[in-house]
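Each chain, letter by letter, is given below.
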Amino acid sequence: MKNRTKLLTSGLVFLAGAALCSAAPVAENWDNHCAKCHGADGKGQTKVGKKLKLKDYTDAKVQAELKDEDMIKATADGVRDSAGKETMKGYKDELSADEIKELIAHIRKFKT
Ligand code: HEC
């Protein structure tokens, strides 16, 4: 009986933990999925970022040229260059629509 209670308790703790972790905080998502190219600071000055000529998200002009809908679409479906080669993969299988929206809001905050 004692053991069952213990098992039940640890099961509940696990469930609570899983519920809390199901949507990762936006900063964590940025660091895990996006920063290796776009940079922790959004400037795109990483090794890969420089090679791919990423836009600088701290630049107000760059931000002004980007529409939220396009950014959401790019993050969900990915980005291709003019030759049709995929330069950024889509994240719709890994991130929820809400997580993607939060990431776009996160990008907006890089503007200086
Ligand atoms: C493999 C490198 C790489 C990773 C990882 C990456 N991107 Fe990109 N991203 C690119 C490239 C390349 C472009 C196209 C060039 C540009 O717009 O700077 C781009 C463009 C974008 C754009 C602009 C699309 C437009 O409308 O111009 C957004 C928004 C974006 N990425 C968001 C993200 C988010 C959010 C993540 C993480 C979930 C992410 N990226 C991860 C390489 C990457």
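Residues numbered from 1 in each chain as written. Predicted model: local features only at pLDDT ≥ 70, side-chain atom pairs only at ≥ 80, totals over all residues. Heavy atoms only, no water.

Asks: Would you mind showing me how to read the site of the ligand here?
Replies: For the ligand, the set of nearby residues contains 20 residues, the closest of which are Cys34, Cys37, His38, Lys55 and Met88. Within the side chain of histidine 38, one N or O atom sits 2.8 Å away from a nitrogen atom of the ligand. Contacts to the ligand include lysine 55, whose backbone N or O atom sits 2.8 Å from an oxygen atom. Elements with a minimum of two residues in the shell around the ligand: α2 (26–38), α5 (68–77), β2 (86–88) and α6 (97–108). A class-by-class count of the residues in the shell around the ligand yields 14 nonpolar, 4 polar and 2 charged. (Near = heavy atom within 4 Å. Polar contact = N/O pair within 3.5 Å; in protein donor to acceptor, adjacent residues only side chain to side chain. Helix = DSSP H or I, 4+ residues; strand = E, 2+ residues; numbered from the N terminus. Nonpolar A, V, L, I, M, F, W, Y, C, P; charged D, E, K, R; others polar.)

Asks: How do you make sense of α2 when you look at a structure like this?
Replies: An α-helical turn contains 3.6 residues, so any two residues separated by three or four positions project in the same direction. Across its 13 residues, α2 extends only 15 Å between first and last C-alpha, which sits more than 12% below the 18 Å expected from 1.5 Å per residue. Its maximal kink placed at asparagine 32, α2 deviates by approximately 50 degrees. Listed as buried for α2 are Asn29, Trp30, His33, Cys34, Ala35, Cys37 and His38. In this structure, the buried residues of α2 make contact with α3 (47–51), β2 and α6. Remark: glycine 39 follows α2 within two positions and exhibits a positive phi of approximately 85 degrees. (Expected span 1.5 Å × (residues − 1). Bend = angle between axes of the 7 residues up to and from the residue. Buried < 20%, exposed > 50% of the residue type's maximum accessible area, 1.4 Å probe, protein only. Contact = heavy atoms within 4.5 Å.)

Asks: What is the right way to look at α5 in this model?
Replies: Those residues of α5 that sit buried are Met71, Thr75 and Ala76. Mapping the buried residues of α5 onto a view down its axis gives an arc of 125 degrees, with all of them on the same face. For α5, the exposed residues set more than 90 degrees away from the buried face come down to Glu69 and Lys73. Residues of α5 that are buried sit in contact with β2 and α6. Once α5 ends, the next one or two residues include glycine 78, with phi positive near 100 degrees. (Arc of directions from axis to C-beta.)

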